[in-house]
Amino acid sequence: PPTIGVLALQGDVREHVRALEAVGAHAVPVRRRSELDAVDGLVLPGGESSTIDKLLRAFDLYEPLRERLRAGLPAYGSCAGMILLADRVEGAIEGQRTLGGIDVTVRRNAFGRQVDSFETDLSIEGIEDGPLHAVFIRAPWVEEVGPAARVVGRVEGGPAAGRIVAVRQGPLLVTSFHPEVTGDTRVHRLFVEIVGQDRS
Ligand code: GLN
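This is a predicted model, so every value here is computed, not measured.

A. Structural view of the overall build of the chain. The helix and strand inventory of the chain stands at six helices and 12 strands. Its C-alpha radius of gyration of 15 Å places the chain within 12% of the 16 Å reference for a compact globule of 200 residues. Judged by the C-alpha coordinates and their principal axes, the chain covers about 45 × 40 × 30 Å. Burial analysis of the chain (200 residues in total) assigns 44% to the buried set. Pairs at least 24 residues apart make up 64% of the contacts formed inside the chain by residues separated by at least 6 positions.

Written out as structure tokens, the structure is:
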């Protein structure tokens, strides 16, 4: 099975490890350079993107991870992880940087007070067997998509209908929502497939 790392600086690491193991991957937390070097793919969990950005630099992982992403490391970013993989961010805090990789502009904390956190069903291109239950927690949305990136999911109803919440670009996948908290492992399965295609 592929070895998939979960960036373990901050955020909900354990839930991702569990979901990855459930779909047959070998999942390992990543806090150091040597651990990063050993993975075939990486999950960037939700949490607080500016905090994770600071910790990446404090743990000397920012440059090595950027380089691996540039070299084609498959990565899946959820929520704060989506922000970290985006090329551009609106509403970033002063000094906040991203790793980049996906040709999108994301807006932090986009959904606003009324729907700060909410749940809804939606479908994702590449995921079969019915809609996915999506949990949003102070989530970003994708404000603008460049030519290299492909929209694979949108909010389908309610006040945020039409907002882009899932994007793919080659071996990179990002979602605004948190599939690791629902017990539905189809997003993790899709990512493990992406990692598998990359290795073959
Ligand atoms: N609002 C957080 C941020 O800007 C993301 C929230 C999350 O990951 N659940 O990083």
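Now that the structure is up, let's keep going.
B. The arrangement of the site of the ligand in detail. G46, G47, E48, S49, C79, A80, I83, R108, N109, I137, R138 and A139 make up every residue found near the ligand. Looking at the shell around the ligand, its residues break down into five nonpolar, four polar and three charged.

C. Helix 3 (residues 49-58), seen in detail. Those residues of helix 3 lying buried are S49, I52, D53 and L56. Along the long axis of helix 3, the arc covered by the buried residues comes to 105 degrees, so they all point the same way. Its buried side turned inward, helix 3 meets helix 4 (62-70) and helix 5 (80-85). Positive backbone phi, approximately 55 degrees, marks D60, located one or two places after helix 3.

D. Molecular detail of the pairing of strand 11 (residues 164-169). Of the pairings in the sheet, the one linking strand 10 (residues 150-154) to strand 11 comprises four bridges and is antiparallel in character. From the neighbouring strand, R150 faces strand 11, where its bridge partner is R168. As defined by bridge partners, strand 11 adjoins strand 12 (residues 172-175) across four bridges and the pair is classed as antiparallel. Within strand 12, the residue paired with A166 across the bridge is T175.

E. Just the UniProt feature "active site" (unreviewed entry) in the chain, in detail. What UniProt calls "active site" (unreviewed entry) maps, in this numbering, to C79, H178 and E180. With the annotated positions falling across 102 residues, the maximum pairwise C-alpha distance of 11.2 Å places them together in a single cluster. Tracing the backbone through its elements, the reader meets C79 in the loop between strand 4 (75-78) and helix 5. Beyond its immediate stretch of four places on either side in the chain, C79 contacts G46, I137, A139, P140, S176 and H178. Structurally, H178 is set in the loop between strand 12 and helix 6 (186-199). Residue classification places H178 among the buried residues on the basis of 23 C-beta atoms within 10 Å.

F. Broad picture of the UniProt feature "binding site: L-glutamine" (unreviewed entry) in the chain. When the UniProt feature table is mapped onto this chain numbering, "binding site: L-glutamine" (unreviewed entry) sits at G47, E48, S49, R108, I137 and R138. In sequence the annotated residues extend across 92 residues, while in space they remain close, none of their C-alpha pairs exceeding 12.9 Å. For G47, the position within the fold is in the loop between strand 3 (41-44) and helix 3. Classification of G47 by C-beta neighbours within 10 Å gives buried; the count is 20. What G47 contacts, discounting residues up to four positions off in sequence, is Q10, G11, D12, I52 and A80.

G. Spotlight on the confidence of the model for the chain. Put simply, the chain has an average pLDDT of 96, and 98% of its residues get 70 or more. Here the predicted complex carries an ipTM of 0.95, next to a pTM of 0.97.

H. Inspection of the environment of V106 at higher detail. Inspection of the secondary structure puts V106 in strand 6 (residues 102-107). Taking the C-alpha atoms as reference points, V106 and V165, 59 residues apart in sequence, are found 9.6 Å from one another.

What counts as what
- Residues numbered from 1 in each chain as written.
- Predicted model: local features only at pLDDT ≥ 70, side-chain atom pairs only at ≥ 80, totals over all residues.
- Helix = DSSP H or I, 4+ residues; strand = E, 2+ residues; numbered from the N terminus.
- Rg over C-alpha atoms; globule rule 2.2 N^0.38 Å.
- Buried ≥ 20, exposed ≤ 12 C-beta atoms within 10 Å, placed from the backbone.
- Contact = placed C-beta atoms within 7 Å.
- Near = placed C-beta within 6 Å.
- Nonpolar A, V, L, I, M, F, W, Y, C, P; charged D, E, K, R; others polar.
- Arc of directions from axis to C-beta.
- Pairing = 2+ DSSP bridges.
- UniProt positions renumbered as here; feature names shortened; annotations may be inferred.
- pLDDT = per-residue confidence, 0-100.

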